[in-house]
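Commentary on secondary and tertiary structure
Given next are the chains, with one letter for each unit.
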Amino acid sequence: MTTFFMFGSYSKESLEGIDALRTEKAKKLIQDAGGETVGIYTLLGSTDLVLIVKLPDIEAAAKISLGLSRLTGARFQTAPALDIDTFDALAAE
């Protein structure tokens, strides 16, 4: 599975719907796509939240990004991530 960081920005409308039930629905959406939620964090600054998820492939990431946008009204930018040990091994080649 690949780790993805999903950076979200709230709209005025998406702020109105924030609650624990919506968070649980988001986690279920990720699980139903064969993924795992590693963590969800709120941020201060130009990005409002970050989800760290493990997903089977880029298609699942696109599906989750669209699904979360539909569910929350937030806008997401999704980036695949490599752990530093993997990166270091690739750099050493």
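These lines cover the structure that appears in this document, whether it is placed above or below.

Attention now moves to the pairing of strand 3 (residues 49–55). Most of strand 3 sits inside the fold, with 6 of its 7 residues counted as buried. Here strand 2 (residues 36–42) hands over to strand 3 after 6 residues, with G45 in that stretch at a positive phi of 125°.

As a further point, take helix 2 (residues 20–32). An α-helix turns once per 3.6 residues; consequently, residues spaced three or four apart project the same way. End to end, helix 2 covers 18 Å across 13 residues, agreeing with the expected 18 Å (1.5 Å per residue, within 8%). For helix 2, the full list of buried residues reads R22, A26 and I30. Along helix 2, the residues classed as buried sweep out an arc of 85° about the axis, all on the same side. Along helix 2, the residues that are exposed and aim more than 90 degrees away from the buried face are A20, L21, Q31 and D32. Backbone nitrogen of L21 and a side-chain oxygen of the N-cap are separated by 3.2 Å at the start of helix 2; the cap is D19. Positive backbone phi, approximately 85°, marks G34, located one or two places after helix 2.

Over the atoms, a rolled probe matching the size of one water molecule traces out where space is still vacant. A volume near 230 Å³ is recorded for the largest pocket. If you go around the largest pocket, you meet 14 residues; those closest to its centre are Y10, R22, T23, I40 and L49. Its residues assigned to classes, the lining of the largest pocket shows 9 nonpolar, 3 polar and 2 charged.

If you look at the biggest cluster of nonpolar residues, it comprises 15 residues, and the most contacted ones within it are M6, L51, V53, L55, I64 and L68. Every element with two or more residues in this core is listed here: strand 1 (2–9), helix 2, strand 3 and helix 3 (58–72). Other than its neighbours up to four places away in sequence, V53 contacts T2, T3, F4, M6, I30, E36, T37 and V38.

Let us look at the environment of G39. As for its placement among the helices and strands, G39 is situated in strand 2. Of the residues examined, G39 reaches a relative accessible area of 9% and is grouped as buried. Along the primary structure G39 and F5 are separated by 34 residues, whereas in three dimensions their C-alpha atoms are 9.7 Å apart. Residues contacting G39, with those up to four places away along its chain left out, are V50, L51 and I52.

At a minimum axis separation of 10 Å, helix 2 and helix 3 run at an interaxial angle of 160°. One finds that helix 2 runs roughly antiparallel with respect to helix 3. Judged by the twist between their axes, the crossing of helix 2 over helix 3 is right-handed. Residues R22, K25, A26, L29 and I30 of helix 2 pack against I64, G67, L68, L71 and T72 of helix 3. In the contact of helix 2 with helix 3, the residues fall into 6 nonpolar, 2 polar and 2 charged.

Cut-offs applied
Residues numbered from 1 in each chain as written. Predicted model: local features only at pLDDT ≥ 70, side-chain atom pairs only at ≥ 80, totals over all residues. Heavy atoms only, no water. Buried < 20%, exposed > 50% of the residue type's maximum accessible area, 1.4 Å probe, protein only. Helix = DSSP H or I, 4+ residues; strand = E, 2+ residues; numbered from the N terminus. Pairing = 2+ DSSP bridges. Expected span 1.5 Å × (residues − 1). Arc of directions from axis to C-beta. Polar contact = N/O pair within 3.5 Å; in protein donor to acceptor, adjacent residues only side chain to side chain. 1 Å grid on protein atoms, 1.4 Å probe; cavity = no way out; pocket = protein on both sides within 12 Å on 5 of 7 lines; lining within 4 Å. Points joined across faces, edges and corners; volume = space filled by probe spheres on them. Nonpolar A, V, L, I, M, F, W, Y, C, P; charged D, E, K, R; others polar. Core = buried A, V, L, I, M, F, W, Y, C linked by side-chain atoms within 4.5 Å. Contact = heavy atoms within 4.5 Å. Axes fitted to C-alpha atoms, helices over the stretch in contact; angles between N-to-C directions. Parallel < 35°, antiparallel > 145°, perpendicular 65-115°, else oblique. Left-handed = near helix turned anticlockwise from the far one by under 90°.

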